[in-house]
Amino acid sequence: MRFEILRLDDIDGTPVDSTVVDAASVNRIVQQAAAIGQRIWIRPAETAAS
């Protein structure tokens, strides 16, 4: 499964940028964000229709 991780603005919480990662990378990104106090939003990535 893939997830979209959006980095949020510190002031108003609007998305600043996003990246799509595999499930194995989510924990590492969450740990990095927590270490620096970064606000993030994680949601399942949209999948392309086949």
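Heads up: the structure comes first, above all this text.
The residue numbers shown here count from 1 along each chain, following its written sequence. In keeping with the predicted nature of the model, local features appear solely for residues at pLDDT of at least 70, side-chain atom pairs appear and are counted solely at 80 or more, and the whole-chain, interface and lining totals rest on all residues. The side-chain figures draw on all heavy atoms in the structure; neither hydrogens nor water molecules are used.

Draft legend 1. Spotlight on the pattern of salt bridges. Should a side-chain nitrogen of Lys or Arg be within 4 Å of a carboxyl oxygen of Asp or Glu, the pair is scored as a salt bridge. Taken as a whole, this structure holds 2 salt bridges when the rule is applied. Between E4 and R43 there is a salt bridge, with the nearest N and O atoms lying 2.9 Å from each other. Of this pair, E4 sits in strand β1 (residues 2-8) while R43 sits in strand β3 (residues 40-44); the two residues are 39 residues apart in sequence, bridging distant segments of the chain. Per-residue accessibility, obtained with a 1.4 Å probe over protein chains only, is compared with the maximum for each type, and a residue is labelled buried under 20%, exposed over 50%, and partly exposed between these values. The exposure class assigned to E4 is buried, which follows from its relative accessible area of 16%. Segments assigned H or I by DSSP are reported as helices when at least four residues long, segments assigned E as strands when at least two residues long, and all are numbered from the N terminus.

Draft legend 2. Region of interest: the sheet that holds strand β2 (residues 15-22). Strands sit in the order β2-β1-β3 across an open sheet of 3 strands; the sheet is antiparallel. Edge positions in the sheet fall to β2 and β3, since each has one partner strand and no second. Taking each pair of neighbouring strands and ignoring which way they run, the sheet shows an average axis angle of 25°. Think of it this way: DSSP has to see at least two bridges between two strands before they count as a pair. Sheet topology places β1 next to β2; 7 bridges connect them, and they run antiparallel. Counted as the bridge partner of R7 is D17 from β2. The contact criterion used throughout is that any non-hydrogen atoms of two residues lie within 4.5 Å. Inter-axis angles, ranging from 0 to 180 degrees, are taken between N-to-C directions of lines fitted to C-alpha atoms, where helices are fitted over the stretch in contact. Here helix α1 (residues 23-36) sits on the sheet and contacts β1, β2 and β3; the angle it forms with β2, its principal contact strand, is near 140°.

Draft legend 3. Geometry of the packing of aromatic side chains. Planes of paired rings set the category: under 30 degrees apart is stacked, over 60 is edge-to-face and the rest tilted, where pairs are Phe, Tyr or Trp rings (Trp by its six-membered ring) whose centres lie within 6.5 Å. This model, assessed by the stated rule, comprises 0 aromatic pairs. Looking at R43, its charged tip hangs above the ring of W41, at a distance of 4.8 Å from the centre. We call a charge positioned over a ring when the NZ of a Lys or the CZ of an Arg lies within 6 Å of the ring centre and within 35 degrees of the ring normal.

Draft legend 4. Examining the environment of I29 more closely. Position of I29 among the secondary structure elements: in helix α1. Residue classification places I29 among the buried residues on the basis of a relative accessible area of 14%. Separated by 11 residues in the primary sequence, I29 and I40 have C-alpha atoms spaced 9.3 Å apart. Beyond its immediate sequence surroundings of up to four residues, I29 is in contact with I5 and V21.

Draft legend 5. Spatial organisation of the pairing of β1. The element β1 is largely enclosed, with a buried count of 5 among its 7 residues. Between the end of β1 and the start of β2, which pair antiparallel, lie 6 residues, with G13 showing a positive phi angle near 80°. With 5 bridges joining them, β1 and β3 adopt antiparallel strand pairing. Along β3, the bridge assignment pairs R7 with I40.

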